[in-house]
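Summary of the model geometry
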Amino acid sequence: GILCNCANTYGDFTLSYKTALGNNRAVEEDDTAAYVQADFDTTVLGGRRLRGNIGVRYVRTDMDANGYQSFTETMPNVGSGYTLIGTIPTFSGDQIKPQPIVAHNSFTNTLPSLNVRLKWNDQLQFRFAASKGIVRPDLAWLSPYTSLGAGLTLSDTGVLTDYTLTGTGGNPNLKPIEANQYDLTAEWYFAPTGSVTLDLFKKDLSNYIYNGTQTESYTNNGVTLNFDVQRRFNGTVDGKVDGFEVAYQQFYDFLPAPFNGLGMQANYTHIDSSGGRNSGSVDGSALNALPLEGMSPDSYNVALMYEKYGISARLAYNWRSKYLYTTSAANVNRPLWADDYGQLDGSIFYTINPNYKIGVQAVNLTHSTTTQLVSSDLTAPLETQWYSAIKTDRRISVVLRGLF
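Here we summarise the structure given alongside this text. Just so you know, these numbers come straight off a predicted model, no measurement behind them. (Residues numbered from 1 in each chain as written. Predicted model: local features only at pLDDT ≥ 70, side-chain atom pairs only at ≥ 80, totals over all residues. Heavy atoms only, no water.)

1. Some points on the overall build of the chain
In terms of helices and strands, the chain carries 2 helices and 24 strands. Within the chain, the fraction of its 404 residues that count as buried is 38%. Taking the contacts inside the chain whose residues are at least 6 apart along the sequence as the reference set, 66% of them involve residues at least 24 apart. Summing over all exposed atoms, the chain offers an accessible surface of approximately 21,800 Å²; the carbon and sulfur share of this is 55%. (Helix = DSSP H or I, 4+ residues; strand = E, 2+ residues; numbered from the N terminus. Buried < 20%, exposed > 50% of the residue type's maximum accessible area, 1.4 Å probe, protein only. Contact = heavy atoms within 4.5 Å. Areas by Shrake-Rupley, 256 points an atom, 1.4 Å probe, with all protein chains shown as cover.)

2. Considerations on the sheet that holds strand 23 (residues 384–391)
Sheet strands line up and pair through hydrogen bonds in the backbone, either parallel or antiparallel. Reading across from one edge, 18-19-22-23 is the order of the 4 strands in this open sheet, with antiparallel pairing throughout. Two strands lie at the open edges of the sheet, namely strand 18 (323–326) and strand 23, each paired on one side alone. Put simply, the sheet's adjacent strands are angled 35° from each other on average, direction ignored. As paired elements, strand 18 and strand 19 (residues 336–338) share 3 bridges and run antiparallel to each other. (Pairing = 2+ DSSP bridges. Axes fitted to C-alpha atoms, helices over the stretch in contact; angles between N-to-C directions.)

3. With respect to the nonpolar core
Listed in full, the 9 residues of the largest apolar core are Ile177, Ala179, Phe201, Leu205, Tyr208, Ile209, Val241, Ile271 and Leu292. The set of elements that each furnish at least two residues to this core consists of strand 8 (177–191) and strand 9 (194–206). Ala150, Val223, Phe227 and Val229 belong to the second-largest nonpolar core, a separate cluster that totals 8 residues. (Core = buried A, V, L, I, M, F, W, Y, C linked by side-chain atoms within 4.5 Å.)

4. Quick look at the pairing of strand 13 (residues 262–274)
Pairing analysis gives 12 bridges linking strand 12 (residues 239–251) to strand 13, with the strands arranged antiparallel. Following the sheet pairing, glutamine 249 is matched in strand 13 by glutamine 265.

5. Observations concerning the packing of aromatic side chains
Evaluation of the coordinates by the stated rule reveals 10 aromatic pairs. Here the aromatic rings of tryptophan 188 and phenylalanine 190 are separated by 5.3 Å at their centres, their planes lie at 55°, and the arrangement is tilted. Assessed through its relative accessible area of 47%, tryptophan 188 is described here as partly exposed. The partly exposed category is assigned to phenylalanine 190, whose relative accessible area is 28%. Following the ring pairs from residue to residue traces out a cluster consisting of Trp188, Phe190 and Tyr248. Positioned above the aromatic ring of tryptophan 141, the side-chain terminus of arginine 232 is 4.3 Å from the ring centre. (Phe/Tyr/Trp six-rings, centres within 6.5 Å; stacked < 30°, edge-to-face > 60°. Lys NZ or Arg CZ within 6 Å of the ring centre and 35° of its normal.)

6. What to know about the pattern of salt bridges
Within the structure shown, the criterion is met by 11 salt bridges. Measuring nitrogen to oxygen at the nearest pair gives 3.5 Å for the salt bridge that ties lysine 132 to glutamate 178. Residue lysine 132 is found in strand 5 (residues 124–135), and its partner glutamate 178 is found in strand 8; the two are separated by 46 residues along the sequence. The partly exposed category is assigned to lysine 132, whose relative accessible area is 27%. Judged by relative accessible area, which is 18%, glutamate 178 ranks as buried. Among the ionic pairs, arginine 231 bridges to glutamate 216, the shortest N-O distance being 2.9 Å. Remark: glutamate 216 occurs in strand 10 (residues 209–220) and arginine 231 occurs in strand 11 (residues 223–234); sequence separation between them is 15 residues. Its relative accessible area of 9% is what places arginine 231 among the buried residues. A cluster of three or more residues bridged by salt bridges with shared partners is formed by Lys202, Asp204, Lys240 and Asp242. (Salt bridge = Lys/Arg side-chain N within 4 Å of Asp/Glu carboxyl O.)

7. Some details on the environment of aspartate 183
Along the chain, the position of aspartate 183 falls in strand 8. Given a relative accessible area of 24%, aspartate 183 falls into the partly exposed group. Sequence-wise, aspartate 183 and glycine 243 are 60 residues apart; in three dimensions their C-alpha atoms are separated by 10.0 Å. The contact partners of aspartate 183, leaving out residues within four places of it in the chain, are Arg127, Phe128, Ala129, Asp199, Leu200 and Phe201.

Written out as structure tokens, the structure is:
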């Protein structure tokens, strides 16, 4: 309802009411798969061992879903002195029973794969993998429902002058994301407890699922209104992920005691991605020149370790660069980003006996802040400004682990 009789006040009501019936949704998914694989093991290049496997998987997915589309029974009482725009109270004036939605979707995928390992010598080996994979949509995204709402704007005299019509819903017609994947890895085991690896990877994505907004028409009481409804959609723009990762790991067991329990793990990853899409910004524009959600161009992890005398300790710092959190934030329909973020965690445990360990775990010792940014200029979506911030507390826990 209306919150107060003020100038430029924003109130809201919902055209969707959650009854026990209207909130009843069900998604059932049946998967059938068959797989054939052949292994090989031979020597090449002067006796160097080449082994691996080649195979193909056939997958069929059948999905049945049931849900409801529902509306409120009346316009809220906004009090005396208010003038209402006619279409809103007329549209929502009579009670409507939740309307059932029944959906069925099925699809098949043929997924080949190849894995090869070439052992050059006892210290150096190479791996190559090529495969096609799928990621099915989350069941919550497939839920067939529609929830509609309106935002009201009042004039200086308390007259209802404008409104916005929005909604959210699921999409039972979503297809799985498909990916053609390629990996080439070099592994150098330079010491009994030390290694350096380099991985080059490439992924070509199709049917990428993004959060978008489209205009949908709904009719009630002879009135038809257009709502901007936010759902998940399969993209028509193919996505790409290219990059590399380098990793180092070693225990310094050559040091004198007690330092021979020290070790380090470190890795760095660089990613170039494309294919993100914003389909319905507030000003009607559509953006395609976006990266994929959740992928930082740069990230690294460094961990110091100690394993000796029953002590197991870790001190790890993890950092990632700014990344696209969502292509279309719910309240602004614009790309929303997470800014650079780093966090220091640690733990130390002591093994009392083979069955019990006691220790301390610490999370976010740096008391880091998560900052969100929004694309303010839709002609330059990579240029962002501050939107919100979340400061997460440090957490320190005393832990007793038992094996029974």
